[in-house]
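An overview of the molecular structure
The primary structure of each chain is shown beneath.
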Amino acid sequence: MSVLLDVKNLQTHFISKKQTVKAVDGIDISIKKGETVALVGESGSGKSMTSLSIMQLVPSPGGEIVGGEVNFNGRDLLKLKEKEMRKVRGNEISMIFQEPMTSLNPVLTIGEQITEVLRYHKKMSKEQARRRAVELLKLVGFSRAEEMLKDYPHRLSGGMRQRVMIAMAMSCDPKLLIADEPTTALDVTIQAQILEFMKNLTHQFETAILLITHDLGVVSEVADHVVVMYAGQVVETSDVERLFDEPKHPYTQGLLNSIPAIEGEIERLQSIKGNVPLPDEMPAGCRFAPRCPKVFDKCLTSNPELIPQEQGRKVRCYLYEEGEDAV
Amino acid sequence: MLSYILRRIIMAVPILIGISILTFSVMHLAPGSPTSMLLAPDIGPEVRIAFEERYGLNDPIPVQYVKWMGAMIQGDMGYSLVRVGMPVSEMIMNRLPNTLILMGASTIIAIVISIPLGIISARRQYTVTDYSVTFGSFVGIATPNFWIGLLLIMWLSVNLGWFPSGGTHTLNEPFSILDRLHHLFLPALVLATADMAGLTRYSRSSMLEVIRQDYMRTARAKGFTENTVIYKHGLRNGLIPIITIFGLMLPSFFAGSVVVERIFAWPGIGDLLITSVFQRDYPVIMGITMISAVLVVLGNLLADIAYAIFDPRIEY
Ligand SMILES: Nc1ncnc2c1ncn2[C@@H]1O[C@H](COP(=O)(O)OP(=O)(O)OP(=O)(O)O)[C@@H](O)[C@H]1O
Ligand SMILES: [Mg+2]
């Protein structure tokens, strides 16, 4: 399979007079056509900023993409003019957000919010767009799609709104769907349903997904590949089976230990001690060192590179340097 | 919708009764009586008693109120004490259209200038543009209407001669819409300045609130231009609270029109009100107060209905 999105050394900073926050500090992500890649990490690790940077929707003034490449389908999006970038957004790359309750415009009908994208990018007539919108709403499980077009978002539940968001995001048949915690705000039964719709639709349209989440249960269910982020950097990347079988980075191990095990005897739920470092107190060495159970001298003085492992895995940890034994 | 409107109208009744009682009482507490105004000081007491008798000025105040209110409901506001024999309703109706035209024009000016300024200011928050608009608004808020009015008359009509300094039209000339607009512009602009500053501030903060909403990010993620995002997705949301502000501004608008009409010799009910106050022409004063109250209540009702139309989340 060919590579669809290849993000290289992406850096997004929040620059103010007081300080520079390196929200995204040299991220690499690669997604193949039709593949689902999960981006995981604790709150504040820079997941949303990574996705907004890919879309070039970083809040401005303040946020700024200061370096790197976002190669998409053979061209670097960061080099495109704003006008060309607009043709990519919502059309080739679309996005759904964490907050279904507030992500739809309260004063526009569902129909308007779906058809406007089709008319803008695909130059459809009103009638064509309307028919397509009905189709899309049916695909995300609304049986009375026709009447729904005239409804306003406030009448819908969170799960229904997220389904509308999916229909909207899929309307132009994008090559990549970025889903920023699409199910976090929903209750568990609805979560499964939303994921199901996302999986089916993207499979049907051969859309690749960048799924941002901190729910490792979701990751194991839908992702092919996982990128683990910590404090603005990638600390481990792996295919999903190997990551769950044998997590390498102590941070990943910590994340996996903090999922409650459902089968077997009740395990003690372990959480990683401490918090993500604040931007103005970044450790000099490895960013995870202050919380790492396996920390040793070298970790405190310099930050490791991403070290290649077998099967294309990579890990940012001195434990896996040439000559060290995995612990 | 219809029942919502009806409910709102019924709710307005006690408000209007309250206002009428208040005006009526205040008017009677004020020093100076119509008798002392209208009759020569050297007039004999029997004439005075006859006068008071004739106009019901000796009745107990509650009785006077009930009589006045009863007639009022039937559209009879009594007769002017000064221009004897002239029905108050006729005096007001002769003047009311001028006031409504003036207010209408100023509302349009205020909207056309303030809302775009507020939007621009919000889009360029913390830039020179934003600071200039903010500074201008505060100057506008702090400067009294009559002073701006006098200044503009001095500058634009006296010095430059671009606009007439008063009246609704050039006397002794056939009706011409251009001539009317020419006369209307300055007073309407001055009246607008009072609320423009506030309206600009409200539009700015309302748009700032809207700009950081999630649905705006959704709209941007759809690939729309920033103008489409702001004007299609943002503006309607931003206008909703401004509609209410409009309703709330109406009373100050009336107050402003009194001053502006006076300065520009604009024959509206505000100008009439001042004349009547000086002459202690009670029926006229009360008539105007009541009409203004009805108009303000009506204006708020319209604002509420507009709100319900604009915001699909309102259930009525
Ligand atoms: N407007 C802003 N100004 C300054 N810093 C910001 C701003 N927005 C985000 N950041 C910084 O960027 C970092 C990454 O934020 P981001 O929203 O990408 O985290 P996240 O991984 O998506 O977290 P969550 O799971 O809570 O959504 C944060 O730690 C924060 O310090
Ligand atoms: Mg986030």
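Every chain's residues receive numbers from 1 upward, in the order its sequence appears when written. Whichever chain is written first becomes A and whichever ligand is written first becomes 1, with later ones labelled in order. Thresholds applied to this predicted model are a pLDDT of at least 70 for local features of residues and 80 or more for the giving and counting of side-chain atom pairs; totals over whole chains, interfaces and linings are not thresholded and use all residues. Excluded from the side-chain calculations are hydrogens and water; all other atoms, namely the structure's heavy atoms, are used.

1. Brief notes about the interface of chain A and chain B
Inclusion rule: Contacts are residue-level and defined by heavy atoms, with any inter-residue pair within 4.5 Å sufficient. Buried area is calculated as the accessible area (1.4 Å probe) missing from two parts once they are joined, with the contributions of both summed. The term salt bridge refers to a side-chain nitrogen of Lys or Arg lying within 4 Å of a carboxyl oxygen of Asp or Glu. Whenever a nitrogen or oxygen atom comes within 3.5 Å of another N or O atom, the pair is scored as a polar contact, on the condition that within protein one atom can donate a hydrogen and the other can accept it, and that pairs from neighbouring residues in sequence are kept only if both atoms are in side chains. The secondary structure listing takes helices from DSSP runs of H or I that are at least 4 residues long and strands from runs of E that are at least 2 residues long, numbered from the N terminus. Residues are grouped as follows: Ala, Val, Leu, Ile, Met, Phe, Trp, Tyr, Cys and Pro are nonpolar; Asp, Glu, Lys and Arg are charged; every other residue, Gly included, is polar.
Facing 27 residues of chain A, the contacting portion of chain B comprises 19 residues. In terms of surface lost to chain B, no three residues of chain A exceed Pro106(A), Val107(A) and Glu116(A), which account for 26% of the buried area on that side. Put simply, chain A and chain B have four salt bridges between them. Residue Lys232(B) is joined to Glu116(A) by a salt bridge in which the shortest nitrogen-to-oxygen separation is 2.8 Å. There are 15 residue pairs in polar contact (both at pLDDT 80 or more) connecting chain A and chain B. Listing elements by their share of the side of chain A that touches chain B, those giving two or more residues are α1 (47-55), α3 (100-103), α4 (110-121) and α7 (158-170) of chain A. In terms of residue count, α4(A) provides more of the side of chain A that touches chain B than any other element does, six residues in total. By residue class, the composition of the side of chain A that touches chain B is 14 nonpolar, seven polar and six charged.

2. Notes on the domain arrangement of chain B
All names here are of chain B. Heads up, the rule is: What marks off one domain from the next here is an automatic or database domain assignment.
The domain boundaries assigned to chain B delineate domain 1 (2-73) and domain 2 (88-310). Its C-alpha centre places domain 1 at a distance of 32 Å from the equivalent point of domain 2. Each partner contributes residues to the interface: domain 1 has 20 residues there, and domain 2 has 16 residues. When domain 1 packs against domain 2, the two sides together hide about 1,700 Å² of surface, and 80% of this comes from carbon and sulfur.

3. A few points about the pairing of strand β7 (residues 176-180) of chain A
Residues and elements named next belong to chain A. What counts is decided by this rule: Partly exposed residues are those whose accessible area sits between 20% and 50% of the maximum for their type, while under 20% is buried and over 50% is exposed, using a 1.4 Å probe and protein chains only. For two strands to be treated as a pair, DSSP must find no fewer than two bridges joining them. Crossover handedness is defined by viewing with both strands directed away from the observer: a clockwise path from the first strand over the helix to the second marks the crossover as right-handed.
A large share of β7 lies buried, amounting to five of its five residues. Alternating positions in β7 separate into two faces, Leu176, Ile178 and Asp180 on one and Leu177 and Ala179 on the other, with burial throughout. Of the strand pairs in this sheet, strand β6 (residues 93-96) and β7 are connected by four bridges, and their pairing is parallel. Looking at β7, one finds that isoleucine 93 is bridged to leucine 176. Sheet analysis places β7 next to strand β8 (residues 208-213), joined by five bridges and oriented parallel. What sits directly across from leucine 177, in β8, is isoleucine 209. As a crossover connection, the stretch from β7 through helix α8 (residues 188-205) into β8 is right-handed.

4. Quick word on helix α11 (residues 269-279) of chain B
Residue and element names in this part refer to chain B. What α11 keeps buried is the set Ile269, Gly270, Asp271, Leu272, Leu273, Ile274 and Ser276. Where the residues of α11 are buried, they touch α5 (88-123), α10 (226-263) and α12 (282-310). Looking at the residues trailing α11, positive phi occurs at arginine 280, about 50 degrees.

5. Overview of the sheet that holds strand β2 (residues 20-32) of chain A
All names here are of chain A. Under the convention used in this document: Inter-axis angles, ranging from 0 to 180 degrees, are taken between N-to-C directions of lines fitted to C-alpha atoms, where helices are fitted over the stretch in contact.
Reading across from one edge, β2-β1-β4-β5 is the order of the four strands in this open sheet, with antiparallel pairing throughout. Where the open sheet ends on each side, the last strands, each with one partner, are β2 and β5 (75-76). Pairing of strand β1 (residues 3-15) with β2 involves 10 bridges; the strand directions are antiparallel. Bridged to histidine 13 within β2 is lysine 22. Seen against the sheet, α1 touches β1, β2 and β4 (63-72) and runs at an angle of roughly 110 degrees to β1.

6. Points about the domain arrangement of chain A
Residues and elements named next belong to chain A. In terms of domain boundaries, chain A breaks down into domain 1 (1-92 + 174-259) and domain 2 (104-171). The C-alpha-based centres of domain 1 and domain 2 are spaced at 25 Å. Opposite the 19 residues of domain 1 that make contact, domain 2 presents 15 residues. Here domain 1 and domain 2 share an interface that buries about 1,400 Å² over both sides, 71% of which is from carbon and sulfur atoms. Run the count over domain 1 and domain 2 and you get zero salt bridges. Across the domain 1-domain 2 interface, the total number found is three residue pairs in polar contact (both at pLDDT 80 or more). Looking at the side of domain 1 that touches domain 2, the elements with two or more residues in it are α2 (82-88) and α8. Here the element with the most residues in the side of domain 1 that touches domain 2 is α8; it accounts for nine residues.

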